[in-house]
Amino acid sequence: MVKNTKRTSTEGSMARWFVLILVLLIAGVGLWKYRHRPPNGEMAHPGPLDLCGANPAFALKYGMHPPLLIDTRQNDGPGLRLMEARKGGRVLQLDNWKQFGYLGPYALDKDGVIYTAPIPFVNLGGHEPGYFNRILRLDPASGQLEDWMTLPSPAPATEDNAYGVTGLAYDCTTHTLYVASVAGSDANHERGRIYHIDLKTKRILHRLDHFDALGLGLYRMRAGKRLYLGHARSPEVFSIGLKESGGFRGRKPKFEFSLAAFRDGSYDNAHRIRFTRDGRMIVKGIEFNFSLMAASDPQRNIYLLRYRAEGDKWEFVDVQSQQE
Amino acid sequence: MRRQLAWYAFLLVGAISACKGPERPVGSFPEAVLFRRGQLAAPDSIAARVALRERIQKVLQKDPPVLSLSRDDAAHPALVFAQDIALASDRVRRLCHRRKTGEAVLCAVTDVRPARPAELRKANLRGDYALVEIYNYYYNSLIKAFVDRARRSLADVKTYPGAQPAMRRDFARIARAIAYAHPRVREVWDGLGGSDVLVRVSKCERSRHLCYAVVVTPRKGDRSLWVLVDMTELDVIGYRLMPRWDPQRPQIVTERSLQNAVVGATCDQIQTDSLGDWVIHYRLTKSDGIELLDVRYQGRKVLRSAKILDWHVSYPDRKDFGYSDAMGCPVFSAAAVVAFELPEITPIVRDGQQVGYRFVQDYRSPVWPKGCNYRYQNLFEFYNDGSFRIAGVNLGLGCSNNGWYRPVFRIEPALHGRTRVEVWNGSGWRPKGREFWHLQDKGTAYSRESALFRMTGEDGNGFLIVPDRGQLTPGGRGDHAYSYFVRAHADRDEGRSNQPTFGPCCNTTYEQGPERFIADGESLDGGVVFWYVPQMKNSDRPGAEYCWVRSYVKDGYEAFHTYPGTVGPLFVPFQNGH
């Protein structure tokens, strides 16, 4: 009997410990989930992270009717243009918008600010190679385009690679900007960087080194936020996980897919990566060799992928060749 | 028993060795090789290729001119009936003819298969359809004909420019035969030992041809051999040794990636060639085209450097519209018009006699000759008598038929000591003591040797500089050049180093860039740099085309007729003032 009582006491103690550990474990997971919850407090569903852009207020003053498109296509001349997204819609370009030369990537934030960057086109346009490693800001109230931030370069710019900022992506959940820069890279050294910048303070919050990226795109997967990176040196697209705060998870981007390996794919570089609300990834592929773009390069391919909830992954759908 | 086994093992090893043949380690072959296009790289006797060519000739006599797919080569033989329906339709027939002229252009059925759901969605079709895929060689486009399987009728036809077709099994066999028949490819292929061979569709982005890749992967080893076969020209483009084929992370070779790998490896590398009495050194620069360096004739140095820094392109009907085009390296450069292939050196033959050598480096925009794409060449001619020509060639097309081109040459002759510069004034040589510029126009006089300038070193040796007035190139229209004579400064760059861009695109005056070095009118007392900016106006007038290119149909394929504009002076040497 005593023996039995003793055994019961030991079993009871073990059970209590087990319950306690279980409770602590559940509490720990709960706390971790709480700490890593999305800023708006809602449970996050898969979807794009940059679709909160507001119309710039000045455009409305000029009589432009939303929805508006931002156009930095080089063949239409230097600077950017705002276009009404309808057939025969108006096009707005203020004089001040041409002063920085040809522009490339752009991002629109929740306050209607447009961030963009100058790029070399056909030639350097009289600028030094280091000129192109900067971000410009189009003020939503005044409509003035201004030099906003010059990025540091890991090596002096040379004529071997005049490119600087090549990709921009805005994160609505943190009001921060991801910036791809290939400044300082050369044929033998991949010195590109991805910067994570606080738009309020202009502070560089995080940095990923040794990756030359062109297009950037942000998407929330079921497993968390991911930044997609079009590799400037190959037809491959990579991604890296992001913390809810925006910092990088790890230092090495993960290979996702190669544009060249898709049916009808080409040896293209992923120049722009865009996501839609209905779960599509649209990748614009162009030739990029760190030489200057020709006056007319009509070859671009649009790669379409679809998000698959089962497996939390992307599935290739189609390529469309665009020839002008 | 043991002895018997050992004997069998010996025989087996012997047999494997015999299969492999005499091997060279794969590491001893160049990583990437580009064979010259248009010059048949693989032997012409490959039976499969000869048969295909004959078949194409017959097909071109038919209407529509389409290479049909046999049941044996179709992945879905039961659907081959759809091919007959598609080819009998007027819509498909029209698409295998040139739009402008109605000439027959070559097409090939590449696949007959069930249409995919995404394709049906795009075509707004619902139901059971067979899809007949037809490749148009002339337009490098894909025609998709949807055939209703139940009604056995054509439902829709769509065209996709630039899209690549599925691989035809018979074409794959031909590609493999062409690849293996090439002696240099065969050497590497055999060097890999026992191998798996895979043929897949590749891309020829620049030539816009149908291209296949033959991928040879040894059963052991960490590399695969990629042989690129142009199925339009039916020839090998080149090969590249790549990391072993990994379907999880495929690395692909296309025309563009192969060209960039081969040509990119030569950027800024000084090469040397001996051409008879000539020894030339040269390099492909980042954005100044080919730079000739240290050129010697019969052991004597005649040229320190010669290059074209920029092509200034302007269109007077559009104010300030134009480009400063730099030629150069295809990767990591400030050039927009880049080298796709390595330079070509050929003999110059006149009246059956070899009189010298011609060196040509070609540069193109990505999809020349489409609008606003450009094609230029460095042309150097080295003659047996010691004269040489430094020229630039413009092969169109540009943005309109009202284009002006002004290439900027920088030439640094190697003359002994202080250089004397003289200009022909109609009756004699007039010495010039200070830096100056000059425009070759209608009133310009030339010496009896057709020379305009004379440069002489202290030892009495020098050059007559003969501008082109149409006499140097058949069909030439003259240089109409701005010339600048500038004192050479060892301590100043003044265009010696690579220049990303040089001068504005659209000036029509002498202000093309070199004038900045003569601003102070210094004495020409020392070495001299000669800058030369010829001017050429393009034309698309039929019969009088210049700096222009036209597409036409040749044997069902797209071909180009070029109307080059060639400019640049001839240097004629003299010794002891004669």
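Since this is a predicted model, take the numbers as computed values, not measurements. (Residues numbered from 1 in each chain as written. Chains lettered and ligands numbered in written order. Predicted model: local features only at pLDDT ≥ 70, side-chain atom pairs only at ≥ 80, totals over all residues.)

Draft legend 1. Structural view of the overall build of chain A. Each helix and strand in chain A was counted, giving two helices and 20 strands. Put simply, chain A has 324 residues, and 40% of those count as buried. For chain A, contacts bridging at least 24 residues in sequence account for 49% of all contacts bridging at least 6. (Helix = DSSP H or I, 4+ residues; strand = E, 2+ residues; numbered from the N terminus. Buried ≥ 20, exposed ≤ 12 C-beta atoms within 10 Å, placed from the backbone. Contact = placed C-beta atoms within 7 Å.)

Draft legend 2. Fine view of helix α6 (residues 169-181) of chain B. Residue and element names in this part refer to chain B. Here α6 spans 18 Å end to end across 13 residues, near enough to the 18 Å set by a 1.5 Å rise per residue. All of the buried residues in α6 are Phe171, Ala172, Ile174, Ala175, Ile178 and Ala179. Seen from one end, α6 has its buried residues packed into an arc of 160°, which puts them on one side. Buried positions along α6 lie against α2 (47-59), α7 (183-191), β7 (195-201), β8 (211-218), β9 (223-230) and β10 (235-243). (Expected span 1.5 Å × (residues − 1). Arc of directions from axis to C-beta.)

Draft legend 3. Expanded view of the environment of A:Val19. Within the secondary structure, A:Val19 sits in helix α1 (residues 2-35). The spatial distance from the C-alpha of A:Val19 to the C-alpha of A:Tyr307 is 40 Å, given a sequence separation of 288 residues.

Draft legend 4. Representation of the confidence of the model for chain A in the model. For chain A, per-residue confidence averages 88 on the pLDDT scale, and 88% of positions sit at 70 or higher. Confidence drops under pLDDT 50 across residues 39-43 of chain A; counting only partners more than four residues distant or on other chains, this segment forms two contacts. (pLDDT = per-residue confidence, 0-100.)

Draft legend 5. Inspection of the domain arrangement of chain B at higher detail. Residue and element names in this part refer to chain B. When its domains are assigned, chain B resolves into domain 1 (22-37 + 182-262), domain 2 (47-161) and domain 3 (271-574). Look at where the C-alpha atoms of domain 1 and domain 2 centre, and you get two points 29 Å apart. With four residues of domain 1 at the contact, the number on the domain 2 side is six residues. Taken together, the residues of the side of domain 1 that touches domain 2 break down into two nonpolar, one polar and one charged. (Domains from an automatic or database assignment. Nonpolar A, V, L, I, M, F, W, Y, C, P; charged D, E, K, R; others polar.)

Draft legend 6. The arrangement of the interface of chain A and chain B in detail. On the side of chain B, 41 residues touch chain A, which itself brings 32 residues to the contact. For the side of chain A that touches chain B, the secondary-structure elements that each account for two or more residues are β16 (254-258) and β20 (313-322) of chain A. Tallying contributions element by element places β20(A) first for the side of chain A that touches chain B, with three residues. Considering only residue class, the side of chain A that touches chain B consists of 15 nonpolar, ten polar and seven charged.

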